[in-house]
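The primary structure of each chain is shown beneath.
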Amino acid sequence: MTAETATAEPDAGRPAGPALLAASSVSKVFGGLVACNDVTFDVPLKSIVSIIGPNGAGKTTFFNMLTGLYKPTSGQIVFDNSDITGDRPDRIMGRGVARTFQNIRLFGTMSALENVMVGEHSRMKAGLTGSVLRLPRVRKEETRVREKAREELAYVGLKPQSFDQLAINLAYGDQRRVEIARALASDPKLLLLDEPTAGMNPQESDSLTAFMRQLREERGVSILLIEHDMKVVMGVSEWITVLDHGEKIAEGLPAEVRSNSRVIEAYLGTKA
C-alpha cells in the first residue's frame, strides 16, 4: 500500500529549504509485528511539521527511531548531513536533537531548576576528577549552567517562584513547561514534541501553539510534532504526514490532509 499526497501536485506548498532531518524507507519490526513499514519522511530546516494518526499508528515508534531509543530494522536516518541510523540517544542529542515524551518524564524529587540543568549535561565539559575536586572552572561552569536553566524556565513561561519547587508538586501544565525547558537546555536544532498538549485545557493548548511559533521565529528551531488535538495540529503545522498501521497513507498541507479520504477513513472508519 503506497502513501498518497493530499495535493494534486506532489509536495506543492511544502516548506522550502533543505532537509534538516531525512528518514528514508525506515521500518521497525518487533518479532512478527511491523510497527513502521517503509516510512520516508523529512523535516525541512526551520519548519513546523506534524505526524498524526490514530492510536497504534506507529507514531511514537517512529519518534523513538529518530532519537535512538529504537534501532531501525531497515532504512536510513540522516540528521544535519550525518547518518544517525541506530546511533545512541546521547550522541543523537549531542548532534542537536531533543525531545519530550508522551508521558512526562521528569525527576519528581528534583526541583524544576535541577531538571533543566540535567538537560545541559551534553554541553558540559567537567569530568569526574574536576567535579570531585571542585576546581574553579567546574564551579564557574555550574554557575553558568544554573543561570541558563533559569533563563530557559522563564522562556517557557514558568513563574520564578516555581523554579525551586519539586517537579512532582508542580501543576500538570507547568510540568510540561519544565520538560520543554529541559529539552531546550541542550540547544537543539530539532525539537520533537510527543503529544505536548495532552492533559492541557484549551487556553494552555493555545499558549503552547503560540510558543511553538515563537520558538521557531526567535531561535530557528525546527519542530516535529505528534499530537491528537487537531486544532493544535491544523493551527501550527506547515506540513502534515499521516500514519496508519505503521504506514504513511497521506501527506500535505493542513487543509488538504483534513479533507483526504484515506485520512478520514483511518480516523472514522468506513460505512458497512
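From a predicted model like this one, the values you see are computed outputs, not experimental measurements.

Peer 1: Now, about helix α10 (residues 261-268): what can you tell me, with residues and values included?
Peer 2: Along α10, the positions that sit buried rather than exposed are Arg262, Val263 and Ala266. Looking down the long axis of α10, one finds its buried residues gathered within 100° of arc, a one-sided arrangement. Residues of α10 that are exposed and point over 90 degrees away from its buried face: Ser261 and Leu268. Downstream of α10 by one or two residues, glycine 269 has phi in the positive range, about 80°.

Peer 1: Talk me through the environment of valine 257; I want residue IDs and the actual numbers.
Peer 2: Of note, valine 257 is situated in helix α9 (residues 254-258). A relative accessible area of 0% means that valine 257 is categorised as buried. Remark: the alpha-carbon pair of valine 257 and methionine 234, spanning 23 residues in sequence, is separated by 9.3 Å.

Peer 1: Which residues make up the sheet that holds strand β2 (residues 19-30), and what are the values?
Peer 2: Strand order in the open sheet formed by four strands is β3-β2-β5-β6, and the pairing between neighbours is antiparallel. Of all the strands in the sheet, the pair left with one neighbour each is β3 (33-44) and β6 (82-83). Here β2 runs beside β3; their pairing, made up of eight bridges, is antiparallel. Within β3, the residue paired with phenylalanine 30 across the bridge is leucine 33.

Conventions and cut-offs
- Residues numbered from 1 in each chain as written.
- Predicted model: local features only at pLDDT ≥ 70, side-chain atom pairs only at ≥ 80, totals over all residues.
- Heavy atoms only, no water.
- Buried < 20%, exposed > 50% of the residue type's maximum accessible area, 1.4 Å probe, protein only.
- Helix = DSSP H or I, 4+ residues; strand = E, 2+ residues; numbered from the N terminus.
- Arc of directions from axis to C-beta.
- Pairing = 2+ DSSP bridges.

Scope: geometric values only; no functional claims are made or implied.
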